[in-house]
Amino acid sequence: MSDHPLSGLKVIEMGSRVAAPYVGKLFTDAGAHVVKVESPAGDPLRRWSASGADIGPDDDGAWFRFLNAGKRSLVVDLATDEGRRELLDRVRGAHVVVDDHPPAAARQLSVDPASLQAVNSAAVVASLTPFGSDGPWADRPANDFVLQALVGSTAGRGVPGEEPYAVGGDLGDFVVAALTAPAILASTLHAVRTGRGAHIDGSQYEAMMHAFQTYRPIFDAFAPERLGGPQIEIPSIEPASDGLVGFCTLTGQQWQDFCLMIGAPDMAEDPELAGFGERMRRRDEVWERIRSFTTKHTVDELVAMATDFRIPVGPIGTGDVIADIDHFEARHVFVANPHGFTQPRPPYHFSDSRLAPLRPAPALGGDESDPADPDPPSLGLSGERPLSGLRVVDLSAFWAGPIAANNLRALGADVVKVESHVRLDGMRWASGLSKPLLWEWSPVYHGANAGKRVINLDLAQPRGREVLERLITDADVVIENFSPRVTEGWGLTWDRVQQLNERTVFVRVPAFGLDGPWRDRVGFAMTMEQVSGLAQRTGSPHGPPLVPRGPVDTIAGMHAIFATLLALAERERTGRGQHVEVPLIEGALQAAAEQVIEWSAYGNLLTRMGNRSPAAQPQGLYRSRHDDEWLAISVETDHQWEALTAVVAGLAELGRDDTEAVDATLAAWARGLPVEAGAAALWTVGVPSAPCVHAEHSARTAQHEQRGFIQWYRHAVAGWVPYSSFPFQIDGRHLPLGGPAPLLGEHTAAVLTELGYDADAIDELAASGITGDWPAMVPRPDDDQAG
């Protein structure tokens, strides 16, 4: 038996920065043989430090070493015929190629997917580019900062009337890596078995439509008269007597409990303050009440109080302290890199599988010799899609778990979502709308659950748990994301799952893990952004950190699916399922890793830079002709700077590093133009730029239309709904989502029938309240009124 889940798999990686190298890292950690192809000058990331640390001539940056640990380095000059022949020879023996060349450059160098597949039709070729390989924007220049503007993330973060803020730290690069990696791995395991390769065409723009906003095009369809503006969650990151503390009150109950905790029951009783929008409008009043309490207590005291109230809470992580937090120390989350700095370990943990040991990153042109050649892993599934025939029981709620399970479904699995009519998936209530049958109108529930089947069960009742156990006896995968006490309160332990079905892979995605001091704490994505340090890099350098607002759910959820696929591949070799733990916080720590790495390697603390970046100059938001419209500009190369000076009068006389003068010149130029005209004038000459669009309008682009990113399905209550495809095409098309999100309890009878229940038994379960299609806490009107 092979030592690691992906032993025997051969990967070629052609990429720099984060996205392609991080996909390569995931494969390396799991035991694949990954060869990093570099030019004679080497990956530019070898010379990178976000803090500006001096990298010696014979040294490599710590961030490069984190992303590339354990890989081999092959130097190839793709500008020469000899170099291209050498690359193609390597491709002939590979199972996967991961590439981030822009489409035009890939074609020019003859390393485009068609050229690579022509020499190895059994290989999976994965392209990770800003907009995908086709469409009118395929070769449009863009980076994380500009894409945030295009998907509507930037315009929604800040205070009305003031400059909004993008998320710091190139988080979108992690998002596209996380959202495409499961499809790359599933397709590869499928290709090993069938001999048929595929092209995975990943789009960072599409990935950030999932992760950097909460399905706002669906909000637009449901309530087009409502156009969201910039806001800050209240409460969020608040001052304590000795630092900062992060709260998250996504549910109404959490807000009411928070008000009681701070001694403000009147705010809990004020119906206007139930929503974030009104709190934002009355922010000075609400902040004064909150901070008059929080500043009288230490961080530890506030964390203890909020934890007692079951309010998501945590200290604010920074690179200098994150590794010393007691919970992370108890769980050994941070480890020593062979090059001497501190980094987070891989974010998933298996009952049986062993990941590859942490090894040094390669020197340029370092050992690229072929390894011993064990049989590569595969999945014993058949069908058109990689996971056809896989059976999944989805016990998850809110966002991370549901989007993870739906990724499996889009890849071909049969997914049954188990929900309760007694306590609904909390995301069903998170719309901020006022509608009949409100639980059918949540955009995020729709977006994360499109096409699923659902059965409603009261798992607090023994007979409800009996039905669940019958589902598990035929399941390949069970996934849940509750706090450990909830799942274990149902009696659903790993031991019990094994008793029911020894081939089941049991995937658990708790907030902070299954052990450690924080085991039973609850937390949402914003909590993880606060604790992990992601918020530390977002916002004004003169103000409090701001949360990215959601990317962690997709990042952690997709890590859970990658780990699930590793466990399924191991099952092919062993015949046994296993227990997989993927804490939400550990997915966040991967994306925030640069902070602890820069601190431990160089003693430098990364923090907020507003809308500036250490990787681009100039970079910023510039107000256009209309006061509420902002133009995002980011210049990363000398070529882009030269193009910018040719368009904007007065820049050529300035030095690129003359930050204040350059900003003033750009601000004056942008102020005289409509925002769309300013963006077009720049990106058409090769300068990354975009208007800061409203998230509700973010789907209305020619790129999305030509690539078919939006899939429309008719929902029985909400009508026609625009659902976002997963952010990749396989062989030229997005995977079909298969239908709208399910109605509450919509497929209960059908699933029970499949389990062997007859009509009388199904009726009796409904009559006794074990199943249901109406929220138990909502009085049910007559049928004619309900419709």
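Note: the structure precedes this text.
Residues numbered from 1 in each chain as written. Predicted model: local features only at pLDDT ≥ 70, side-chain atom pairs only at ≥ 80, totals over all residues. Heavy atoms only, no water.

(A) Just the overall build of the protein chain, in detail. If you tally the helices and strands in the protein chain, you get 31 helices and 25 strands. The globule rule puts the C-alpha radius of gyration for 787 residues at 28 Å, and the 26 Å found for the protein chain is close to it. On the principal axes, the C-alpha backbone points of the protein chain span a range of 75 × 65 × 50 Å. By the burial criterion, 61% of the 787 residues in the protein chain qualify as buried. (Helix = DSSP H or I, 4+ residues; strand = E, 2+ residues; numbered from the N terminus. Rg over C-alpha atoms; globule rule 2.2 N^0.38 Å. Buried < 20%, exposed > 50% of the residue type's maximum accessible area, 1.4 Å probe, protein only.)

(B) Region of interest: helix α25 (residues 638-647). Restricting attention to buried positions, one finds in α25 the residues Q640, W641, A643, L644 and T645. Contacts made by the buried residues of α25 are with β20 (630-634), α26 (659-671) and α27 (675-683). (Contact = heavy atoms within 4.5 Å.)

(C) Examining the sheet that holds strand β17 (residues 505-508) more closely. Overall, mixed pairing links the 7 strands, which are arranged β12-β18-β17-β16-β13-β14-β15 in an open sheet. The two strands at the open ends of the sheet, each matched to only one other strand, are β12 (349-350) and β15 (453-456). Where strand β16 (residues 477-480) meets β17, 4 bridges bridge the pair, whose relative direction is parallel. Of the residues in β17, the one forming a bridge with V477 is V505. Along the sheet face, helix α16 (residues 400-410) touches β13 (391-394), β14 (414-419) and β16 and points at about 165° away from the line of β13. (Pairing = 2+ DSSP bridges. Axes fitted to C-alpha atoms, helices over the stretch in contact; angles between N-to-C directions.)

(D) Structural detail: empty space enclosed by the protein. If you walk through the whole model with that rule in mind, you get 3 cavities of 30 Å³ or more. For the largest cavity, the calculated volume is near 70 Å³. Counting residues per element, the ones that place at least two in the lining of the largest cavity are α7 (171-194) and α24 (593-602). Taken as a whole, the second largest cavity spans an internal volume of roughly 50 Å³. Lining the second largest cavity are T318, G319, I322, F334, S532, L589, A592, A593, Q595 and V596. A per-element tally of the lining of the second largest cavity places α24 first, with 3 residues. Considering only residue class, the lining of the second largest cavity consists of 6 nonpolar, 4 polar and no charged. (1 Å grid on protein atoms, 1.4 Å probe; cavity = no way out; pocket = protein on both sides within 12 Å on 5 of 7 lines; lining within 4 Å. Points joined across faces, edges and corners; volume = space filled by probe spheres on them. Nonpolar A, V, L, I, M, F, W, Y, C, P; charged D, E, K, R; others polar.)

(E) Looking closely at the packing of aromatic side chains. With the rule as written, the count across this model stands at 22 aromatic pairs. The interplanar angle of 65° and the centroid separation of 5.0 Å between the aromatic rings of F247 and F258 together place this pair among those described as edge-to-face. Here the residue F247 occupies a position in strand β8 (residues 243-247), and F258 occupies one in helix α10 (residues 252-261), the gap between them amounting to 11 residues. Comparing F247 with F258, the two get one shared label, buried. Connected via pairs of aromatic rings, a cluster forms that spans Y22, W63, F66 and F174. Directly above the aromatic system of W137 lies the positively charged group of R140, at a separation of 4.4 Å from the ring centroid. Cation over ring: R428 sits above Y445, and NZ or CZ is 3.9 Å from the ring centre. (Phe/Tyr/Trp six-rings, centres within 6.5 Å; stacked < 30°, edge-to-face > 60°. Lys NZ or Arg CZ within 6 Å of the ring centre and 35° of its normal.)

(F) Geometry of helix α3 (residues 81-92). Given a rise of 1.5 Å per residue, 12 residues ought to cover 16 Å, and the 17 Å separating the end C-alpha atoms of α3 matches this to within 8%. If you follow the buried residues of α3, they end up packed against β1 (10-14), β2 (33-38), β4 (96-99) and α5 (113-119). (Expected span 1.5 Å × (residues − 1).)

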